[in-house]
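# Observations on chain architecture
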Amino acid sequence: MRDINEYTAEVFRRSEKKLKERKRKRSRILAMSIPMCLIITLCLVMNLPKMLNENMNNAPNDEACENLAGESAPELSPTEASTGAQNNNSSSQLYSLNAFDSFSFSLTWNCYGVSSYNSETGELIKTTDATHPEDYITTYFLTDEQKLEIYNLITDLNMASYPDKYDPHGDGLKSSPSMTLILTVKDHISEKTIAAEDIALTFESDNKAGQRFLSTCEAIQNILTSTDAWQALPDYEFLYE
């Protein structure tokens, strides 16, 4: 009986020893885990601002969102330019957003180019072919309506599609006297001139692009010659046949 009791006591001692060993291992693991968790938490706290900043920098901006949606930035149409309303215009046109505010032009026309106008200076010349050419010069600034009408005409022309030196007839048609048309347009970022010098004295062309250019110049000329300032200038001293 004593041997059985001793054996039982020995089993209990070993079991108790194993339980104590397991408790010690758990305590060591717990002791190591707490500092590790503190270190990880500290690293996260220190790097959180940097991580947030990187996420913000990588976020898509408004332009990228527009591109993803297949939309382009709106531009002002010539008709709506003075009111600030917006729509989508062709990117191939000469003018850019808000170009109307900085838009200016000059036109030389008539036989041999004796007449001209500059919207920046307001200088309006009826003719340079006179005994006293200074008598045929005046100053006139376009009204907002007139400027907008001419802006529309020139925008529809799409001057960027024309060469700098141009014959709107394109078939060698000539006349005597000849006509000169020089149209220059500027906005805040660009300038374009189309010079049609010594061309046939007619505003009709078999060429579609040539007709568009001639019609635009003629329409601008008609606006200028219908003003009171032009009408107040003396009659031509010399007439051409």
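Note that the structure is a prediction, hence the values are computed from the model and not measured. (Residues numbered from 1 in each chain as written. Predicted model: local features only at pLDDT ≥ 70, side-chain atom pairs only at ≥ 80, totals over all residues. Heavy atoms only, no water.)

### Description of the overall build of the chain
The condition that has to hold: Put simply, DSSP marks the helices as runs of H or I at least four residues long and the strands as runs of E at least two long, and each gets a number from the N terminus on. Working definition: with a 1.4 Å probe on protein chains only, accessible area under 20% of the residue-type maximum means buried, over 50% means exposed, and in between means partly exposed. Residue contacts are counted whenever heavy atoms from the two residues lie within 4.5 Å of one another. Computed with a 1.4 Å probe, the accessible areas rest on the Shrake-Rupley method; for each residue, only the protein chains presented here act as cover.
Helix and strand counts for the chain come out as 5 helices and 6 strands. The helix and strand sequence of the chain, counted from the amino end, reads α-α-β-β-β-β-α-β-β-α-α. In the chain, which comprises 241 residues, the share counted as buried stands at 30%. Of the contacts formed within the chain by residues at least 6 apart in sequence, a portion of 61% connects residues at least 24 apart. Here the chain has roughly 15,900 Å² of accessible surface; of this, 54% comes from carbon and sulfur atoms.

### Points about the confidence of the model for the chain
The following threshold applies: The predictor rates its confidence in each residue with pLDDT, a number between 0 and 100.
Per-residue confidence for the chain averages 77 on the pLDDT scale, and 60% of its residues sit at or above 70. In this model residues 55–97 is a low-confidence stretch, pLDDT under 50, and it forms 59 contacts with partners more than four residues away in sequence or in other chains.

### Regarding helix α3 (residues 144–157)
This is how it is decided: Multiplying 1.5 Å by the helix residue count minus one yields the expected span of that helix.
Taking 1.5 Å of rise per residue, 14 residues should cover 20 Å, and α3 covers 20 Å from first to last C-alpha, within 8% of that figure. As for α3, its buried residues are in contact with β1 (104–109), β5 (179–186) and α4 (208–225).

### A few points about the sheet that holds β1
So the rule is basically this: Strand pairing follows a simple DSSP-based rule, namely that at least 2 bridges must link the two strands. To obtain each axis, a line is fitted to C-alpha atoms, and for helices this fit is confined to the stretch in contact; angles are then taken between N-to-C directions over 0 to 180 degrees.
Spatial ordering of the open sheet is given by β4-β3-β2-β1-β5-β6, a layout of 6 strands whose pairing is antiparallel. Both edges of this open sheet fall to β4 (137–139) and β6 (191–199), since each of them pairs with a single strand only. Sheet twist, expressed as the average angle between the axes of neighbouring strands with direction ignored, equals 10°. Pairing of strand β2 (residues 115–118) with strand β3 (residues 123–125), which is carried by 2 bridges, proceeds in the antiparallel orientation. Pairing of S116 across the sheet is with I125, part of β3. Packing of α4 onto the sheet brings it into contact with β1, β2, β5 and β6, and relative to β1 it is tilted by some 95°.

### Some details on the nonpolar core
Our working definition: Within this scheme, the nonpolar core is defined by two criteria: the residues are buried Ala, Val, Leu, Ile, Met, Phe, Trp, Tyr or Cys, and they are joined through side-chain atoms within 4.5 Å.
Residues F105, I154, L181, L183 and F213 are the most contacted members of the largest nonpolar core, which totals 34 residues. Going through the elements one at a time, β1, α3, β5, β6, α4 and α5 (228–231) are the ones with two or more residues in this core. Considering each element in turn, this core owes the most residues, 6 residues, to α4.

### Observations concerning a negative patch on the surface
To keep it simple, the criterion reads: Only residues whose relative accessible area exceeds 30% and that form no salt bridge enter a patch; like-charged residues are grouped when within 9 Å of one another, and nonpolar side chains (Val, Leu, Ile, Met, Phe, Trp, Tyr) when within 5 Å. What counts as a salt bridge is simple: a side-chain nitrogen of Lys or Arg found within 4 Å of a carboxyl oxygen of Asp or Glu. Charged-residue counts in this description rest on Lys and Arg as positive and Asp and Glu as negative, His and the chain ends being excluded. Positions of charges follow a simple convention, taking NZ of Lys, CZ of Arg, CG of Asp or CD of Glu.
Judged by side-chain charge, D171, E204, D206 and E218 come together as a negatively charged surface patch. With respect to the element layout, D171 can be found in the loop between α3 and β5.

### Overview of the pattern of salt bridges
Counted under the stated rule, the structure contains 3 salt bridges. With its nearest N and O atoms 2.8 Å apart, the salt bridge here joins D164 to K192. Here D164, found in the loop between α3 and β5, pairs with K192, found in strand β6; they are 28 residues apart in sequence, far enough to count as distant. Across the salt bridge formed by E197 and K165, the nearest N and O atoms sit 3.3 Å from each other. One end of the pair, E197, is in strand β6; the other, K165, is in the loop between α3 and β5, with 32 residues separating them in the sequence.

### Brief notes about unusual backbone geometry
S176 connects to P177 through a cis peptide bond whose omega is 5°. Residues other than glycine seldom take positive phi values, yet N110 does so here, at roughly 90°. Inspection of the secondary structure puts N110 in the loop between β1 and β2. One non-glycine residue, N158, lies in positive phi territory at about 60°. Summarising the element assignment, N158 is placed in the loop between α3 and β5.

### Details of the side chain of D187
Note the threshold: Under this definition, polar contacts are N or O atom pairs within 3.5 Å; protein pairs additionally need one hydrogen-donor-capable and one acceptor-capable atom, and for neighbouring residues in sequence, both atoms have to be side-chain atoms.
Along the chain, the position of D187 falls in the loop between β5 and β6. One buried charged side chain, D187, makes no salt bridge at all; its nearest oppositely charged neighbour is K186, positioned 9.8 Å away. At 2.9 Å, the side chain of D187 forms a polar contact with the backbone nitrogen of I189. Within polar-contact distance, the side chain of D187 engages the backbone nitrogen of S190 at 2.7 Å.

### Let's talk about the packing of α3 against α4
Let me state the cut-off plainly: Convention used here: angles under 35 degrees read as roughly parallel, angles over 145 as roughly antiparallel, angles from 65 to 115 as roughly perpendicular, and any remaining angle as oblique. Here the nonpolar group is Ala, Val, Leu, Ile, Met, Phe, Trp, Tyr, Cys and Pro; Asp, Glu, Lys and Arg are the charged ones; every other residue, Gly included, is treated as polar.
One way to put it is that α3 packs onto α4 with a least axis distance of 10 Å and a crossing angle of 175°. For the element pair α3 / α4, the angle class is roughly antiparallel. In this structure, α3 contributes Q146, E149, I150, L153, I154, D156 and L157 to the contact, and α4 contributes R212, F213, T216, A219, I220 and I223. Counted by class, the contact of α3 with α4 contains 8 nonpolar, 2 polar and 3 charged residues.

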